[in-house]
Amino acid sequence: MAGEIQDGTQTVEEFLAAHNSKDLLRFLTCGSVDDGKSTLIGRLLHDSKLVYEDTLAALKRDSERHGTTGPGEIDYALLVDGLKAEREQGITIDVAYRYFSTPQRKFIIADTPGHEQYTRNMATGASTCDLAVVLIDARYGVITQTKRHSFIASLLGIKHIVVAVNKMDLVDYDESVYNKIREDYLDFSARLGFGDLHFLPISALKGDNVVDRSKSMDWYQGPPLLAHLETVQIGGDRNLVDFRFPVQYVNRPNLNFRGFAGTIASGVVRPGDEIMVLPSKKRSKIKAIVTAEGELQQAFAPQAVTLTLEDEIDASRGDMLVHVNNLPHVAHRLEAMLVWMDEQPLVPGQQYQIKLGTQLVNGVISKVRYQTDINTLRQKGNEPLNLNEIGRVEINASRPLSFDAYEQNRATGSFVLIDRLTNATLAAGMIIDRVSGTEESDSASTNEALSRRESLVNRAQRSEKLGHQARTIWFTGLPKSGKARIALALEKALFDLGIQAKSIIGNDLRSDLCHDLGFTGDDRTENIRRAASACRLLNDSGLVTLAALNAPTEADRAIAENIIGSNDFLEIHVKSTLKQCKSNDDSGIYRRAINGEINNLPGINGPYDPPADSVFSVEPATDSLEQITTAILTQLADRKIIS
Amino acid sequence: MDSYRLSHLQQLEAESIHIIREVVAEFANPVMLYSIGKDSSVMLKLAEKAFAPGPLPFSLLHVDTTWKFKEMVKFRDYICAERGHKLIVHSNQEGIDQGINPFDHGSQNYTTIMKTHGLLQAMEKHGFDAAFGGARRDEEKSRAKERIYSFRDTNGGWDPKNQRPELWNLYNGRHNKGESIRVFPISNWTELDVWLYIHLEKIPIVPLYFAAKRPVVRRGNDLIMVDDDRMRLEPDEVPEQMEVRFRTLGCYPLTGAVESTASSVEEIVEETMLATTSERASRVIDHDGDASMEDKKKEGYF
């Protein structure tokens, strides 16, 4: 690799030591051919001096023949558009993989096409990546395809996004153009849940802020693209908590050795660990972790090892070894987001093969719940999927599968569907965590059902005594939209009318009932579960409950509704724009989220799904607090909750 | 978390071992193409690791064009004997009978008949349904787009526009009778990675990779070694002794040497890092045209 030794002082030993210890970043570039994606990659390779002389000579020759950059100029895109048809048509059809390394990192680039008809290729490229570079043409800003690419990246679980606003040279390196695009992107991407969003202005053609800092954009103080890629932290993304070991191959070279070979999908394992084989639920202990270099005292994802067990228990390819106290789902049924990848459309009820880790079983898609319009990110009908379409489906497998939600575990939450006749790979699936209690639960981790004792006083008796119904009014809205303020005013108004009401404020719960919880996926769900359980207890004792807390996604609110019960759950949408919320922000959380100091703030760097239009809404920006409480009281009276 | 860190080589190793095990678990009759070069040597090492403490659960196949360097053949037989690997050597007998050689028939025809056809004959003769190859995606532009599991039709052909999507580490190896899959476990390795790994793991390689005085003739930009007396010399050509080594190995009349004094793996790593030309520059067959590799693969070449 030309250019890797920057000066002559480093010895080979030092070089080897540095290169042996550097890590690996796999990233994806998305954007259409017009956004200058291939040019950007060509520029990255060229400016980091990773292009060989003979390649460069061929490039100059090809630029004359097929180049689109004008006479005498090198067309860097030709460096990376590999297939003949692509070079002739000037578009990138397939996923191409590029490699380069610097003393800090080795990089694998998945270079994927941008057109809508290549959605599957982009999904393919994204499946193995930790980061995506989303290119935006500074002249056009955030357009439909920007949204599509960002959606697919989010769907495939990419947490790190770099938004590169390209072709800044064509807008006179104007900062306000860049800022406008940045704002627009932040607005639309709020619901996609990227943990780490980074923006930078570049010109791939001219080389501004790609490898070298731009001389034309003093107003941008951040690092150029390559420096960012070299330093961005991705190590924390790996799941080292849940030990999952899909048995890949039983290694039995002689009568004295029987080992289970496989790649650790997640978690850590040590000799002596108590394990369970799924789906058989047989138990044993890890005897040894065998490798060609000898036995290890611990192994972790994604190491490829061979495990031996203390007991002669039966396990074979497709089984999963897990710790006895940390189990995945084991079920015939699952729900998943599916990207359809074949010309022949999805046929509900048809038998497909499901390959999930090392498990291979037959199954059917029993139902398409909805399709997602990849351009607007909205749900649309539930027609069977065609090529490049994405939707949520229910799958019924012929045998139980061991799996986790994709969000928790990429390796045990992903699968492909294979056609049994043509052998084509039809679709890629990402498993969704099932909303608890909405279907028959055959999860291995479910506790035995506990029998409840019936109260001798029922709800009807209580409401007769109190003179009103008990309901939970659930306020949904962005952080700082005014939910708590409205809940407290309503509580007072109800009290004045002689109605027993109690508010449940998210922030307060965080300091008592939920003080042990953080703000990441599982903890957030647990926070909602506890809050909803509290609402239900209050409802059961006859009170109207006013819940004001962040349950930003539809799934969050479905959990709450499920616990409280649909009949008792009344959602009210507190509609404030992001701008209004920011101006209400006395605690500085928006500023801190925008600066990247806190993650997962709904609307900024965490997902937020506004409720459907049919949900009753109030708008604090236009109506006074009194008008709002009056409107809600009228609603409650209309619904015969109060009289 | 630092104790749970893997270097890029450890990650590449784990990925390759996963792929090799996956093939052995899912295919009825896999074989490993062993071309004796550095990439094959790394792939072989990874396979040994994948099945330790057991032996390799498949044979090695060498498609011998009969024009390989003598040292390669010697090294092949030594390694297989020492490690106890089962080796199948196949040559295209029809090609030999017709006297096909790289001088009279051109590099393109010669390669098609002796390498591509030879390989397809061996696959058919032994009924192999999967064949491992040591190709890397950084070698050449069309290889950059090839899947890890490369589906081949009954003629061994590759259809670049109709490849199966390949997501995560879920490989689809399903095929009908007569069809096969070529598998490239070291797809994501670069030339530098291969050398770093050879150094780290002390993997033996053919001595031709190390610089030594060797008899060569200069043809255009290529230095061709005179490995035996079948080499056709032009009337005015006289082989001279030069200090050279090879960055890739193939058939000697088609493989250019580079002038070098690198006589250890460390020195090769140093030279590789400072290299200003890509390794396939020394492969005469790649100069056949801009898309020549893609065309060869469509016909069944590795």
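Refer to the structure presented above.
Remember, it's a predicted structure, so these values are computed and weren't measured experimentally. Counting restarts for each chain: residues are numbered from 1 in the order of the written sequence. For this description, chains carry letters from A and ligands carry numbers from 1, given in the order in which they are written. With the structure being a predicted model, the display of local features is reserved for residues of pLDDT at least 70 and the display and counting of side-chain atom pairs for 80 or more, all residues being used for whole-chain, interface and lining totals. The side-chain quantities take in all heavy atoms of the structure and omit both hydrogens and water.

Colleague: Account for the sheet that holds strand β5 (residues 160-166) of chain A, naming residues and giving values.
Modeller: Backbone-to-backbone hydrogen bonds pair the strands of a sheet. The strands run either parallel or antiparallel. Residue and element names in this part refer to chain A. Only strands that DSSP links by at least two bridges are regarded as paired with each other. Numbering of helices and strands starts at the N terminus; helices are DSSP runs of H or I of at least 4 residues and strands are runs of E of at least 2. The strand order across the open sheet built from six strands is β2-β3-β1-β4-β5-β6, with neighbouring strands paired in mixed fashion. Both outer strands of the open sheet, β2 (96-101) and β6 (196-201), are each paired with one neighbouring strand and no more. Strand-to-strand, the axes of this sheet are offset by a mean angle of 25°, without reference to chain direction. Sheet topology places β5 next to β6; six bridges connect them, and they run parallel. Looking across to β6, one finds that V165 is bridged to P201. What counts as an axis is a line fitted to C-alpha atoms, over the stretch in contact for a helix, and the angles between N-to-C directions run from 0 to 180 degrees.

Colleague: Give a detailed account of the packing of aromatic side chains, specifying residues and quantitative values.
Modeller: Side-chain rings of Phe, Tyr and Trp, where Trp is taken by its six-membered ring, are said to pair if the distance between their centres is within 6.5 Å; with planes under 30 degrees apart they count as stacked, over 60 as edge-to-face, and otherwise as tilted. The tally for this structure, following the rule as stated, stands at 21 aromatic pairs over all chains. Summarising the aromatic geometry, the rings of W474 of chain A and F569 of chain A are spaced 5.7 Å apart at their centres and angled 35° between planes, so their arrangement reads as tilted. Residue W474 of chain A is located in strand β24 (residues 472-476), and its partner F569 of chain A is located in strand β27 (residues 569-574); the two are separated by 95 residues in the primary sequence. Each member of the pair W474 of chain A and F569 of chain A is classed as buried. Between F27 of chain B and Y149 of chain B the ring centres are 6.0 Å apart and the planes differ by 55°, which places this aromatic pair in the tilted class. Of the two residues, F27 of chain B sits in the loop between α1 (8-26) and β1 (30-33) while Y149 of chain B sits in strand β5 (residues 149-152), which places them 122 residues apart along the sequence. In this structure, F27 of chain B and Y149 of chain B share a single accessibility class: buried. Through a chain of ring-to-ring contacts, the aromatic side chains of W67, F69, F103, F246 and Y252 of chain B assemble into a single cluster. Three exposure classes are used, based on accessible area relative to the maximum for each residue type with a 1.4 Å probe and protein chains only: buried under 20%, partly exposed in between, and exposed over 50%.

Colleague: Mind laying out the packing of helix α10 (residues 483-496) of chain A against helix α16 (residues 625-638) of chain A, listing which residues take part and the relevant values?
Modeller: Two quantities define a packed helix pair, namely the angle between the axes and the distance from one axis to the other. All names here are of chain A. Packing of α10 against α16 brings their axes to within 10 Å, and their N-to-C directions diverge by 60°. For the element pair α10 and α16, the recorded crossing hand is right-handed. Seen from α10, the contacting residues are R485, I486, A489, L490, A493 and L494; seen from α16, they are L625, I628, T629, I632, L633 and L636. Three residue categories are used. Nonpolar comprises Ala, Val, Leu, Ile, Met, Phe, Trp, Tyr, Cys and Pro, charged comprises Asp, Glu, Lys and Arg, and polar comprises the others, including Gly. Residue composition of the contact of α10 with α16, grouped by class: ten nonpolar, one polar and one charged. Helix crossings are classified by the rotation of the near helix relative to the far one: an anticlockwise turn of less than a right angle makes the crossing left-handed, while a clockwise turn makes it right-handed. Contacts between residues were defined by any pair of non-hydrogen atoms, one from each residue, lying within 4.5 Å.

Colleague: How would you summarise helix α3 (residues 70-83) of chain B if you had to cite specific residues and measurements?
Modeller: Residue and element names in this part refer to chain B. Expected span, for any helix, means 1.5 Å times one less than how many residues it has. A rise of 1.5 Å per residue sets the reference length of α3, with its 14 residues, at 20 Å; its end C-alpha atoms lie 20 Å apart and thus fit the reference within 8%. Contacts from the buried residues of α3 go to α2 (38-51), β2 (59-63) and β3 (87-90). At the exit of α3 stands G84, carrying a positive phi of roughly 75°.

Colleague: Report on the environment of Q10 of chain B, specifying residues and quantitative values.
Modeller: Here Q10 of chain B shows up in helix α1. By relative accessible area, which is 38% here, Q10 of chain B ends up partly exposed.

Colleague: Please provide a residue-by-residue account of the sheet that holds strand β28 (residues 617-618) of chain A, values included.
Modeller: Residues and elements named next belong to chain A. Pairing within the open sheet is parallel, and its five strands lie in the order β25-β26-β24-β27-β28. With one partner strand each, in any of the chains shown, β25 (501-505) and β28 form the two edges of the open sheet. As judged from the four bridges shared by β24 and strand β26 (residues 544-548), these two strands associate in the parallel manner. Residue T472 lies in a different strand from β26, and its bridge partner there is T545.

Colleague: Before we move on, could you go through the side chain of S16 of chain B and cite the residues and values that matter?
Modeller: Residues and elements named next belong to chain B. Structurally, S16 can be placed in helix α1. With a relative accessible area of 0%, S16 lands in the buried category. If sequence neighbours within four positions are ignored, S16 has contacts with L46, P185, I186 and W189.

Colleague: Help me get a handle on the pairing of strand β9 (residues 257-263) of chain A, residues and values and all.
Modeller: All names here are of chain A. Within β9, seven of the seven residues are buried, leaving the element largely enclosed by the surrounding structure. Of the two faces of β9, the one lined by F257, G259, A261 and T263 and the one lined by R258, F260 and G262 are each fully buried. Pairing of strand β8 (residues 249-254) with β9, which is carried by four bridges, proceeds in the antiparallel orientation. If you follow Y249 over to β9, its bridge partner there is A261. Relative to strand β15 (residues 304-309), β9 is paired through four bridges, and the arrangement is antiparallel. Within the sheet, the bridge partner assigned to G262 lies in β15 and is V305.

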